[in-house]
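Close look at the chain arrangement
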Amino acid sequence: MFMPFYLIDFITRSNYKKYWEDTMKFGFFDDLNKEYVITTPKTPLPWINYLGTNDFFSLVSNTAGGYSFYKDAKLLRITRFRYNNVPMDTNGKYFYIKDGDTVWNPGWQPTKTDLDSYECRHGIGYTKWNSSKNGVKAEVLAFVPTDDTCEINRIKLTNTSSEAKDIKLFSYVEWCLWNADDDMKNFQRNFSTGEVEIVGSTIFHKTEYRERRNHYAIYSVNAPIDGFDTSRDAFLGAYHDNHDPEAVFNGACTGSEAHGWSPVAAHQINIKLNPGESKSYVFVLGYCENPEDQKWESKGVVNKAPANAMLAKYKTDEDVDKAFAKLNAYWDNLLSIYTVESNNDKVNRMVNIWNQYQCMVTFNMSRSASYFESGIGRGMGFRDSNQDLLGFVHLIPERARERIIDIASTQFENGSAYHQYQPLTKRGNSDIGSGFNDDPLWLIAGTSAYVRETGDISILKEMVPYDNDMSVATTLMEHLKRSFDFTVNNKGPHNLPLIGRADWNDCLNLNCFSEHPGESFQCFGPSEGPVAESVFIAGMFVKYGEEYAQLAELLGDTAEAERARKEIKIMYDAVLKDGWDGEWFVRAYDAYSNKIGSKECEEGKIFIESNGFCSLAGIGVKEGLAEKALDSVKKYLDCKYGVMILQPAYTVYHLELGEISSYPPGYKENAGIFCHNNPWVSIAETVIGRGDRAFEIYKKTCPAYTEEISEIHKTEPYVYCQMVAGNDAYIPGEGKNSWLTGTAAWTFCNISQYILGVYPTHKGLSVDPCVPHGFGDFKITRKFRGATYHIEVSNPSDVEKGVKELIVDGNKVDGCVIPFVDGKKEYNVKVVMG
Ligand code: BGC
Ligand code: NOJ
């Protein structure tokens, strides 16, 4: 079914399109096991998974590519990845099996030897391969235990033939010299720093340990080895690469000890397997630290105590089974917090498994490490991390709390914020600085979500520094006040918020005016422009201003709540006066006070962001304008694959607009489909009660639905991607930038809180679904503030929205909020729509 990419060169574009349309999927969902099963290694792109829950993480592709790091993908990179390579997915954690003259890999790469069978199962925090060749079956399980800084790879080999087999197993990883950025550039130094130790079956990577590091990495196996290599050149051989390592093809490692150049870790195990016999091996790739004063065992010899302690825990199959069971239990528990049982398998699958899983991954990674984010660029985004919280906070509220404090600590005293910070140092990045004027309001969004989820108002009283300076610390609530007032104090000629460097749309750079290649659109030009304004931020202000007012009320500060609501009213009126274009909301005003996203414009007449966000914030709902705006969105921005960000696309570069007009039409912020803001429109539709349309939008970008067009969509069918090519693109529907996107959190909020309608309020859970016709009855189990809610929703009249009756434990309750009763453990809730 699958045609190798190189053949595409031989066919014309129309045939190419036809070919893709004829092909099918590359796997299937196994919902019972919470896995996506990939049935061919030749997926359109590497389809990856994430291993790790706390500090040690690995990216792993379906062909065993990827890399590992501890805490920070840039500064503490453990294994080396080769970027922008051909094939794209080069370097990983490889096992080579040499069986006679045949050498193969369970993950197919890097030898690409044809396999007799191949299956890769990406699960929740683990990946499994099950492959076979010439009567040898290999089952690999890869995961990161919940409470250790290591990755386990267990490989089980079975002889399924009728002859005895003498095979050789080789492992191979290439070390990164810790700082992944420097590792790719600073060869004059780095080719001379590499150091290793080899003790028994353990290879220690101790580059730079002699000087300013107190950490090292290990790669070990729980069996005696028959050979090893630690020098890449020795293992691969001159002019060879990962696909034909000389040591493997020669059938023997060379016992090399790396000094400088490129240190690697390769083990060799010679295995005799009788017919039907299986043997399994546990490989551990670990990160270890020593206290500064206990670095050495003897002069120049690493203190191995932490490594030995770690390895002692993973000596046997049973140890691995136990750690794996613990990981599964950890996830089963997390995924039991919000579950739905509806007639729609795709909704169930996304809500119960994959969407929440992606929320966890985006929370952990922000926008740092994926196959599209290099892990050496961006750290944690202020805006991004706050939005990630929206989809994560119900899973582990304690970690959300800590994150909120970390983020708020990078805020400036005037309420603005560093746009990004490094996870390891938790300090703001001064090379990017501040001036993204939507940032401050997202802190209110994240904090409000946390307090609504937990009822923990103590966080608001927590003392939090500004720019990490504790001497000027104030309460978190004061931080939120400064966030709110930042918008109040920074308005432009139409009394709308000044945009600064950019708002949510990083590419709407209205104060940039960059003329030279290489200048950063985000950082070039002044951060403060006194004229350019954002209607989108105005929508945010109305939405999160109200959430701020509610927090003030919770603290008993009704005067502040009242003040906030006065400001919100002023903003609301400003939007209706100068932010309304007749049929939709204007997007912005540029530095000359010209409209952007207006019928007056030649290109970029209508944008998604202001229409989605102003409408979901309730602006123009009672005036009938929100409905009009959403109708316009459908009329002008809708396409088969989602709602495009703007139309018509910009066809020339506009100095006064910046990066948005730098992309060819149909891509990224220039008329691509940004999956992140599709849910804003869907949520806005639920606000005005149109369940059919809300769900239609939900389906268009939903992975469980786009799985059917995997060949066009290209990215993983189990997670959202950031961007799908819009109608103007060469191949509309092509996805890019999977995994690390605010889409995860927003789509989860959309489906769980607005469409299925279970929304945490300060007073308790509210249940107010907005579903498409024919969706039928459904059940939700929700754990909330220490209690379990069993919610049954019936819809006898098949309406889109409306709660006719709410019955809590047999008692009728007015409205749709289930009053929260402290200490109560179970709620049985019946909701009748109508
Ligand atoms: C991308 C944006 C992204 C920004 C980050 C731009 O090139 O198009 O999506 O947010 O870079 O700096
Ligand atoms: C990706 C960035 O991470 C996010 O912060 C931004 O809002 C979107 N791109 C849109 O530009």
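Our subject is the structure that appears above.
Here's a quick rundown of the structure. A quick note: this is a predicted structure, and the numbers were derived from the prediction, not measured.

Here the focus is the environment of His-790. Topologically, His-790 is positioned in strand β40 (residues 787–794). Considered as a pair, His-790 and Glu-211 are 579 residues apart in the sequence and their alpha carbons are 58 Å apart. Among all residues touching His-790, those that are not within four sequence positions of it are Ile-780, Thr-781, Glu-826, Tyr-827, Asn-828 and Val-829.

Before going further, it helps to spend a moment on the site of ligand 2. Lining the immediate environment of ligand 2, one finds Arg-367, Arg-378, Arg-383, Asp-384, Trp-504, Asn-505, Asp-506, Glu-669, Phe-674 and Gln-722. Measuring from an oxygen atom of ligand 2, one finds a backbone N or O atom of Asp-506 at 3.0 Å. Between Glu-669 and ligand 2, the recorded distance is 2.5 Å, taken from a side-chain N or O atom to an oxygen atom. Coverage of ligand 2 by the protein amounts to 94% of the 300 Å² it exposes when considered alone. A class-by-class count of the residues in the shell around ligand 2 yields 2 nonpolar, 2 polar and 6 charged.

Mapping Thr-43 onto the fold places it in the loop between β2 (35–38) and β3 (48–51). Within the structure, Thr-43 has its side chain in polar contact with the backbone oxygen of Leu-45 (distance 2.7 Å).

For the rest of this paragraph, the subject is the nonpolar core. Counting residues in hydrophobic clusters, the biggest one holds 241 residues, and the most contacted among them are Leu-157, Phe-235, Trp-442 and Leu-756. Ranked by residues supplied to this core, first place goes to helix α15 (residues 535–554) with 12 residues. Residues in contact with Leu-157, not counting those within four places in the same chain, are Ile-97, Val-136, Lys-137, Ala-138, Ile-167, Leu-169, Ile-271, Leu-273, Glu-277, Ser-278 and Lys-279. Formed by 9 residues, the second largest nonpolar core is a distinct cluster that contains Cys-639, Ile-712, Val-724 and Ile-731.

What follows is about the sheet that holds strand β15 (residues 202–205). Whether parallel or antiparallel, the strands of a sheet pair through hydrogen bonds between backbone atoms. An order of β1-β2-β9-β10-β11-β12-β19-β16-β15-β14 is seen for the 10 strands of this open sheet, with the pairing classed as antiparallel. With one partner strand each, in any of the chains shown, β1 (27–30) and β14 (196–199) form the two edges of the open sheet. Going across the sheet, the axis of each strand differs from the next one's by a mean of 15°, ignoring polarity. The sheet contact formed by β2 and strand β9 (residues 120–122) spans 3 bridges and is antiparallel. Residue pairing in the sheet places Tyr-36 in a bridge with His-122 of β9. Packing against the sheet, helix α7 (residues 305–312) makes contact with β12 (150–159), β15, β16 (215–221) and β19 (278–289), and its axis sits at approximately 145° to β19.

What follows deals with the packing of helix α20 (residues 691–701) against helix α23 (residues 743–755). The geometry of α20 relative to α23 is characterised by a closest axis approach of 11 Å and an angle of 155° between their N-to-C directions. Compared by their axis directions, α20 and α23 come out roughly antiparallel. Note that α20 runs across α23; the crossing there is left-handed. Facing α20, whose interface residues are Ala-694, Phe-695 and Tyr-698, α23 presents Asn-750, Ile-751 and Ile-755. Its residues assigned to classes, the contact of α20 with α23 comprises 5 nonpolar, 1 polar and no charged.

This part takes up the site of ligand 1. Neighbouring ligand 1 are the residues Arg-378, Asp-506, Cys-507, Gln-522, Glu-659, Tyr-663, Lys-668, Glu-669, Phe-674 and Gln-722. Within the side chain of Glu-659, an N or O atom sits 2.5 Å from an oxygen atom of ligand 1. When ligand 1 is considered free in solution it has 310 Å² of accessible area, and contact with the protein chains removes 77% of it. Per-class residue counts for the shell around ligand 1 are 3 nonpolar, 2 polar and 5 charged.

Scoring rules and cut-offs
Residues numbered from 1 in each chain as written. Chains lettered and ligands numbered in written order. Predicted model: local features only at pLDDT ≥ 70, side-chain atom pairs only at ≥ 80, totals over all residues. Heavy atoms only, no water. Helix = DSSP H or I, 4+ residues; strand = E, 2+ residues; numbered from the N terminus. Contact = heavy atoms within 4.5 Å. Near = heavy atom within 4 Å. Polar contact = N/O pair within 3.5 Å; in protein donor to acceptor, adjacent residues only side chain to side chain. Areas by Shrake-Rupley, 256 points an atom, 1.4 Å probe, with all protein chains shown as cover. Nonpolar A, V, L, I, M, F, W, Y, C, P; charged D, E, K, R; others polar. Core = buried A, V, L, I, M, F, W, Y, C linked by side-chain atoms within 4.5 Å. Buried < 20%, exposed > 50% of the residue type's maximum accessible area, 1.4 Å probe, protein only. Pairing = 2+ DSSP bridges. Axes fitted to C-alpha atoms, helices over the stretch in contact; angles between N-to-C directions. Parallel < 35°, antiparallel > 145°, perpendicular 65-115°, else oblique. Left-handed = near helix turned anticlockwise from the far one by under 90°.

Honestly, that's just the spatial picture; any functional story needs more than this.
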